[in-house]
Amino acid sequence: YALDHELLSDAARTLMQKLANDITNAYWKQAMNSRGVVTIFNGKKEETPTGDEEIRRDSITLTTLTNSPKLNSKETELWEVGYFFKEKPNDLGYVMMRREKRELSKDVPAGEGGYEYEITDRIKSLQLRYRQTVGGTWFDEWNSTTRNALPKFVEIDLTLESGMTYSMYVEVKNL
């Protein structure tokens, strides 16, 4: 159990770092979105009622400058990534997923396409909150298309099934 717990803690810290890195390097540009949304930052509050409580399993889809392009490809540092939860068959809980779309084009709408894979099924909840200014109001959702901007700060709260919670504030740098 101790080893399992330690591995899970390491995995949670690694996941937090990856999520934080993607958010810190988020990129959104209105001009790139003429004739179709290509750059995106869309954080959604997703609640699942379980018994007496609501569990937050938020999702986020964003374009970010964290891609390492393959050699001799048309890829750039800019790609689209998403984090979301999928229900397991037979009500056996939820799996956290990651989606990656390496080549952005107007042919495939933002938030669609790419390749998705399972991260872990050991996460109880993920809560994301967003704000524009220091001391400003926190929002449970953020859509760059309707808000016409990236958030300046994002709060990440990740809770494992064991009850361990990891929290982090991230500042978006490409504003």
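Right above here is the structure, for reference.
What counts and what doesn't
Along each chain, residues carry numbers from 1 onward, in the same order as the chain's sequence is written. Where local features are concerned, this predicted model is filtered to residues with pLDDT of at least 70; where side-chain atom pairs are given and counted, the filter is 80 or more; whole-chain, interface and lining totals use all residues. For the side-chain quantities, the full set of heavy atoms in the structure was used; hydrogens and water were omitted. Take a side-chain nitrogen of Lys or Arg and a carboxyl oxygen of Asp or Glu: if they are within 4 Å of each other, that pair is a salt bridge. Going along the chain from the N terminus, every DSSP run of H or I of four or more residues is numbered as a helix, and every run of E of two or more is numbered as a strand. Each residue's exposure class comes from its accessible area (1.4 Å probe, protein chains only) as a fraction of the maximum for that residue type: buried when under 20%, exposed when over 50%, partly exposed otherwise.

What follows deals with the pattern of salt bridges. Taken as a whole and judged by the stated rule, the model has 14 salt bridges. Its salt-bridge partner being Asp140, residue Arg56 comes within 3.5 Å of it at the nearest N-O pair. Of this pair, Arg56 sits in strand 3 (residues 53-56) while Asp140 sits in the loop between strand 8 (123-131) and strand 9 (142-143), placing them 84 residues apart in sequence. With a relative accessible area of 28%, Asp140 lands in the partly exposed category. With a shortest N-O distance of 2.8 Å, Lys88 and Asp121 are connected by a salt bridge. Separated by 33 residues along the polypeptide, Lys88 in the loop between strand 5 (79-87) and strand 6 (94-101) and Asp121 in the loop between strand 7 (115-120) and strand 8 bring together distant segments of the chain. A relative accessible area of 26% means that Asp121 is categorised as partly exposed.

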